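# Observations on chain architecture
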Amino acid sequence: MRQISGNKLLVKALKEEGVEVLFGYPGASTIDLGDELYKQDSIKIILPRHEQALVHEADAYARTTGKVGVCLVTSGPGATNVVTGLATANYDSVPLVCFTGQVARYLIGNDAFQEVDIVGITRNITKYSVTVRNREDLGRIIKDAFYIARTGRPGPVLIDLPKDVMAELGSAEYPKTVNIRGYKPNTSVHIGQLKKALKMLHSSKRPLFLAGGGVNIARAEDIFTKVVEKTGVPVVTTIMGRGAISTKHPLFMGNIGMHGAYGANMAVSNCDLLFSIGTRFNDRITGKLHAFAPNAQIVHIDIDTASISRNIHVDVPIVADAKEALLKMDEYVQPCNTQKWVEQIQKWRSEHPLTMRKPHGLSPLDIIGEINSRFEKAIIVTDVGQHQMLVTQYADITPDKHLVMSGGLGTMGYGLPGGIGAKIGNPDVPVIVVSGDGGMQMNIQEMATAVLEELPIIICIFNNEYLGMVRQWQKLFYGKRYAMTNLKAGALSRRTGGQEYPEYTPDFVRLAQSYGAKGLRVTDKADIGPAFDAAVSNTKGPTLIEFIISPEEMVYPMIKPGGTLEDMIMDC
């Protein structure tokens, strides 16, 4: 029987799994594997500039294509640099397979050069994490990894590859099937529980659908919209669920939670049945647990058994994939009498509509409005902060316009690499990155990746010279003591007692140009349109547009710390 090295088998496995793109950064323990990848041309190899960004790129690639994202990094610091990206993917249920190099088996545990116990480090932030100890187990472990990553609640898997195992000769066979003892993801829907839930839905007077990120992960937007329209039941979403139904749909009432819309939060507080699909009920959504949906019976559909009744006690639990459950619901649902209830929610919305006060300068709403009107089809990728919340409040998300972000972990630095991964996976779809000046600097080195891959992404930086979200809390709750949030602070400001600050650094426009990208700066509303014109016409590389925003721009509504959904600050 023909024998091949572990490195050759891994390349063969990637091809059989249909991998088209691999995001990789080399090192001593993976140089032989890199040599094998060099010999083939069916898998595109993307070389980012940092391992954290590498995982974010694979993450956004996976989110926007439905395929498994694949990463390759070396041992030691290469492996530890992927931890934040794996945690990000784990929180948001993104299917990744991450291969890490490792020192030879006889060196493990001896504090060898670039040796870390990456399996131990990542055990709690991956679905499965394993070191390959025997060459003959390699094929099975890789096959299992791809299956685990994409089935059940999707998530990241890490495979640690000792250098000597990968050099060893062994079977050239790659398994065709998977049989993992103890891992049997649920693929069916309990019809009895579902019918019970639908009976409650039809008999309730104030029913409400709550759609979480699970609806989008399952790619169930179309069938969810069909069920909503059949029932006439209004919909609210988490920020990760935004887009489960078009934000322009008359039954969509807004996002709920810390920066949710007033009407949407009031709907949750006053509904008598909350029919939730694909959400974990985290603290940013619920506020004080005892006051969340206090008058409602709760139905919870989720693919992850551990997520049900973990934070909020539910009356009817249904463990199922969101799409499979919705397809069954479509067979049984009937119209509900919701006219008066919908009118009440609309009244709350009209009493306190989503809006921003007259700006001190350039308004974020003008920028988001330009994106709404200009792009019928797009992928919008945000970083984390005020700009992210504004996008979740005001950006139109429709069947042709999708939103990608780090939701569960709130990872600053996700935006730019996320945009790169989304564009690589969707070359014919416009990709707009919206970032703050703080988050942008966390992975700005990826401008080189975007330039070299000739990716015409449009990067919008909302520059308010501060870490804006933390500054907002400091302004509202900490007596305007802006500790560690002024991005111009340094030796000069300390020397002058905060009376003098230097010019903002970096100069984003010149920095973009130094990478070979187009760089523009906008300070006036009249220049927004022309800036986007220039960006759209730049089809051979990225365009960075720096928008100068006042630090006084705030994100409202906002729930007070420790408050309920009804304890909302509307403006200040």
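In case you missed it, the structure is sitting above this.
A few points on the structure. Please read all numbers here as calculations on a predicted model, not as lab measurements.

Secondary structure assignment for the protein chain yields 24 helices and 22 strands. Over its C-alpha trace the protein chain gives a radius of gyration of 25 Å, about what one expects of a compact globule, namely 25 Å for 572 residues. Overall size of the protein chain, expressed as C-alpha extent along the three principal axes, is 75 × 70 × 45 Å. Across the 572 residues that make up the protein chain, the buried fraction comes to 59%. For the protein chain, restricting intrachain contacts to residue pairs at least 6 apart in sequence, the fraction spanning at least 24 positions comes to 76%. Put simply, the protein chain shows about 23,700 Å² of open surface, and 50% of that area lies on carbon and sulfur atoms. The centroid of the 60 positive side-chain charges in the protein chain is displaced by 4 Å from the centroid of its 59 negative side-chain charges.

This part takes up the environment of Gln339. For Gln339, the position within the fold is in helix H15 (residues 339–351). Under the relative-accessibility criterion, Gln339 is labelled exposed at 56%. Expressed as a C-alpha distance, the spacing of Gln339 and Ile380, which sit 41 residues apart in the sequence, is 33 Å.

We now examine the sheet that holds strand S20 (residues 543–548). With parallel pairing, six strands are arranged side by side in an open sheet as S16-S15-S17-S18-S20-S19. Looking at which strands have only one partner, the edges of the open sheet turn out to be strand S16 (401–404) and strand S19 (518–522). Pairs of neighbouring strands in the sheet enclose a mean axial angle of 20°, with direction left out of account. One ladder, built from five bridges, connects S19 with S20; its direction is parallel. In the strand pairing of S20, Lys518 is matched with Thr543. Docked against the sheet, helix H24 (residues 528–537) engages strand S18 (458–463), S19 and S20, running at close to 165° with respect to S20.

What follows concerns the side chain of Lys488. Here Lys488 is to be found in the loop between helix H21 (468–477) and helix H22 (491–495). Setting aside its immediate chain neighbours within four residues, Lys488 contacts Glu465, Tyr501, Pro502 and Tyr504.

Further remarks concern the packing of aromatic side chains. Counted under the stated rule, the structure contains 12 aromatic pairs. On the basis of an interplanar angle of 70° and a centroid distance of 6.3 Å, the ring pair of Phe375 and Phe532 is categorised as edge-to-face. Placement of the pair is Phe375 in the loop between helix H16 (364–374) and strand S15 (378–382) and Phe532 in helix H24, with a sequence separation of 157 residues. Neither residue differs from the other here; Phe375 and Phe532 are each classed as buried. Through pairs of rings, three or more aromatic residues link up here, namely Phe375, Phe462, Phe532 and Phe547. Over the face of the ring belonging to Tyr466 we find Arg471, whose NZ or CZ atom lies 4.6 Å from the ring centre. The positively charged end of Arg471 is found above the aromatic ring belonging to Tyr482, 4.2 Å away from the centroid.

Attention shifts here to the pattern of salt bridges. Throughout the structure, instances matching the rule amount to 27 salt bridges. We note a salt bridge from Glu465 to Lys488, for which the minimum N-O separation is 3.5 Å. Of this pair, Glu465 sits in the loop between S18 and H21 while Lys488 sits in the loop between H21 and H22, and the two are 23 residues apart along the sequence. Overall, Lys488 belongs to the buried group, its relative accessible area being 19%. In this structure, the salt-bridge partner of Asp507 is Arg521, at a minimum N-O distance of 2.8 Å. Of this pair, Asp507 sits in the loop between H22 and helix H23 (508–515) while Arg521 sits in strand S19, and the two are 14 residues apart along the sequence. What emerges from the salt-bridge pattern is a single network uniting Lys8, Asp35, Glu36 and Lys39.

Attention shifts here to the packing of H16 against helix H17 (residues 386–394). Two elements in contact, H16 and H17, have axes separated by 10 Å at closest approach and are oriented at 50°. As judged from the angle between their axes, H16 and H17 are oblique. Regarding H16 and H17, the two cross each other, and that crossing is right-handed. In this structure, H16 uses Pro364, Leu365, Ile368 and Asn372 to contact H17, whose residues at the interface are Leu390, Val391 and Tyr394. Looking at the contact of H16 with H17 residue by residue, the classes come out as six nonpolar, one polar and no charged.

The six strands are arranged S11-S10-S9-S12-S13-S14 in an open sheet whose pairing can be described as parallel. At either margin of the open sheet sits one strand with a lone partner, and together these are strand S11 (252–255) and strand S14 (316–319). The sheet shows a mean angle of 15° between the axes of neighbouring strands, taken without regard to direction. Pairing of strand S9 (residues 207–211) with strand S12 (residues 273–277) involves five bridges; the strand directions are parallel. From the neighbouring strand, Leu210 faces S12, where its bridge partner is Ser276. Its contacts with the sheet put helix H9 (residues 191–203) on S9, S12, strand S13 (297–302) and S14, and the angle it makes with S14 is roughly 135°.

It is worth spelling out H15 at this point. With 13 residues, H15 extends 18 Å between its outermost C-alpha atoms, agreeing within 8% with the 18 Å of an ideal straight helix rising 1.5 Å per residue. Every buried residue of H15 is listed here: Trp341, Val342, Ile345 and Trp348. The buried residues of H15 occupy one face: seen down the axis, they fall within an arc of 115°. Opposite the buried face of H15, at more than 90 degrees from it, the exposed residues are Gln339, Lys340 and Ser350. Against the buried residues of H15 lie S9, S11 and helix H12 (262–270).

Counting residues in each nonpolar core, the largest one holds 64 residues, and the members touching the most others are Phe209, Phe224, Leu274, Phe275 and Met329. Excluding anything up to four places from it in sequence, Phe275 contacts Ala197, Leu198, Leu201, Leu208, Phe209, Leu210, Val299, Ile301 and Met329. Ranked by size, the runner-up nonpolar core spans 48 residues in total, among them Val55, Cys71, Val429 and Ile459.

Conventions and cut-offs
- Residues numbered from 1 in each chain as written.
- Predicted model: local features only at pLDDT ≥ 70, side-chain atom pairs only at ≥ 80, totals over all residues.
- Heavy atoms only, no water.
- Helix = DSSP H or I, 4+ residues; strand = E, 2+ residues; numbered from the N terminus.
- Rg over C-alpha atoms; globule rule 2.2 N^0.38 Å.
- Buried < 20%, exposed > 50% of the residue type's maximum accessible area, 1.4 Å probe, protein only.
- Contact = heavy atoms within 4.5 Å.
- Areas by Shrake-Rupley, 256 points an atom, 1.4 Å probe, with all protein chains shown as cover.
- Lys, Arg positive; Asp, Glu negative; His and termini not counted.
- Charge placed at Lys NZ, Arg CZ, Asp CG, Glu CD.
- Pairing = 2+ DSSP bridges.
- Axes fitted to C-alpha atoms, helices over the stretch in contact; angles between N-to-C directions.
- Phe/Tyr/Trp six-rings, centres within 6.5 Å; stacked < 30°, edge-to-face > 60°.
- Lys NZ or Arg CZ within 6 Å of the ring centre and 35° of its normal.
- Salt bridge = Lys/Arg side-chain N within 4 Å of Asp/Glu carboxyl O.
- Parallel < 35°, antiparallel > 145°, perpendicular 65-115°, else oblique.
- Left-handed = near helix turned anticlockwise from the far one by under 90°.
- Nonpolar A, V, L, I, M, F, W, Y, C, P; charged D, E, K, R; others polar.
- Expected span 1.5 Å × (residues − 1).
- Arc of directions from axis to C-beta.
- Core = buried A, V, L, I, M, F, W, Y, C linked by side-chain atoms within 4.5 Å.

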